[in-house]
Amino acid sequence: MHFDDSGTTPLFQQVADQIEEGILNGSFKEAGQIPSTTEISKGYRINPATVLKGMNLLVERGLIEKKRGIGMFVLAGAQQKVKEARKTEFLNTEVQQIVSEAKKLGITAHQLTELIERRYEQ
């Protein structure tokens, strides 16, 4: 994990994002335990309340759960939830920006499709 306290993204959001990324890439397995609030807090010198706030975001999203006295665990289906949320975000934001820019530049849908297909195959 890497946190940037000089950036514009709040630390609690960075905590949530880093754990979410770990769930997506398989570093944190479903039903597996994630580092504790204390571990992250001490290891990265972040206020424990800040770490907990980030973790609570993931609890609200149904990605992790707290098992009292044991720790935080990744829920079953969490990886797929993250993947679907990111896919939706990508389609609604990134693709829209690409299409808008292509239109401004006079790139046709056919040209854009061909370029994407070529890049995708590489």
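Just so it is clear, the model here is predicted, and its values are computed rather than measured.

## Considering the environment of glutamine 14
- Among the secondary structure elements, glutamine 14 is positioned in helix 1 (residues 11–25).
- C-alpha of glutamine 14 to C-alpha of glycine 69: the two residues are 55 residues apart in sequence and 25 Å apart in space.
- Contacts of glutamine 14, omitting those with residues within four sequence positions, involve His2, Phe3, Asp4 and Thr9.

## Side note on the packing of helix 1 against helix 4 (residues 78–104)
- Running from N to C, helix 1 and helix 4 cross one another at 110°; their axes reach a closest spacing of 8 Å. Considering their axes alone, helix 1 and helix 4 lie roughly perpendicular with respect to each other. Where helix 1 abuts helix 4, its residues Asp17, Glu20, Glu21, Ile23, Leu24 and Asn25 lie against Ala78, Gln79, Val82, Lys83 and Arg86.
- Its residues assigned to classes, the contact of helix 1 with helix 4 shows four nonpolar, two polar and five charged.

## Observations regarding a nonpolar patch on the surface
- On the surface, Phe90, Leu91 and Val95 cluster together into a nonpolar patch covering about 250 Å² of accessible area.
- Turning to its location among the elements, valine 95 is positioned in helix 4.
- The exposure class of valine 95 is partly exposed, given its relative accessible area of 30%.

## Focus: the packing of helix 1 against helix 3 (residues 48–60)
- Across the interface, helix 1 lies against helix 3 with an axial gap of 7 Å and an inter-helix angle of 50°. What the angle tells us is that helix 1 and helix 3 run oblique. The chirality of how helix 1 crosses helix 3 is right-handed. Taking contact as the criterion, the partners of Leu11, Phe12, Gln13, Val15, Ala16, Ile19 and Glu20 in helix 1 are, on helix 3, Thr50, Val51, Lys53, Gly54, Met55, Leu57 and Leu58.
- Of the residues that constitute the contact of helix 1 with helix 3, the class distribution is nine nonpolar, three polar and two charged.

Parameters and conventions
Residues numbered from 1 in each chain as written. Predicted model: local features only at pLDDT ≥ 70, side-chain atom pairs only at ≥ 80, totals over all residues. Heavy atoms only, no water. Helix = DSSP H or I, 4+ residues; strand = E, 2+ residues; numbered from the N terminus. Contact = heavy atoms within 4.5 Å. Axes fitted to C-alpha atoms, helices over the stretch in contact; angles between N-to-C directions. Parallel < 35°, antiparallel > 145°, perpendicular 65-115°, else oblique. Nonpolar A, V, L, I, M, F, W, Y, C, P; charged D, E, K, R; others polar. Patch = residues over 30% accessible without salt bridge, like charges linked within 9 Å, V, L, I, M, F, W, Y side chains within 5 Å. Areas by Shrake-Rupley, 256 points an atom, 1.4 Å probe, with all protein chains shown as cover. Salt bridge = Lys/Arg side-chain N within 4 Å of Asp/Glu carboxyl O. Buried < 20%, exposed > 50% of the residue type's maximum accessible area, 1.4 Å probe, protein only. Left-handed = near helix turned anticlockwise from the far one by under 90°.

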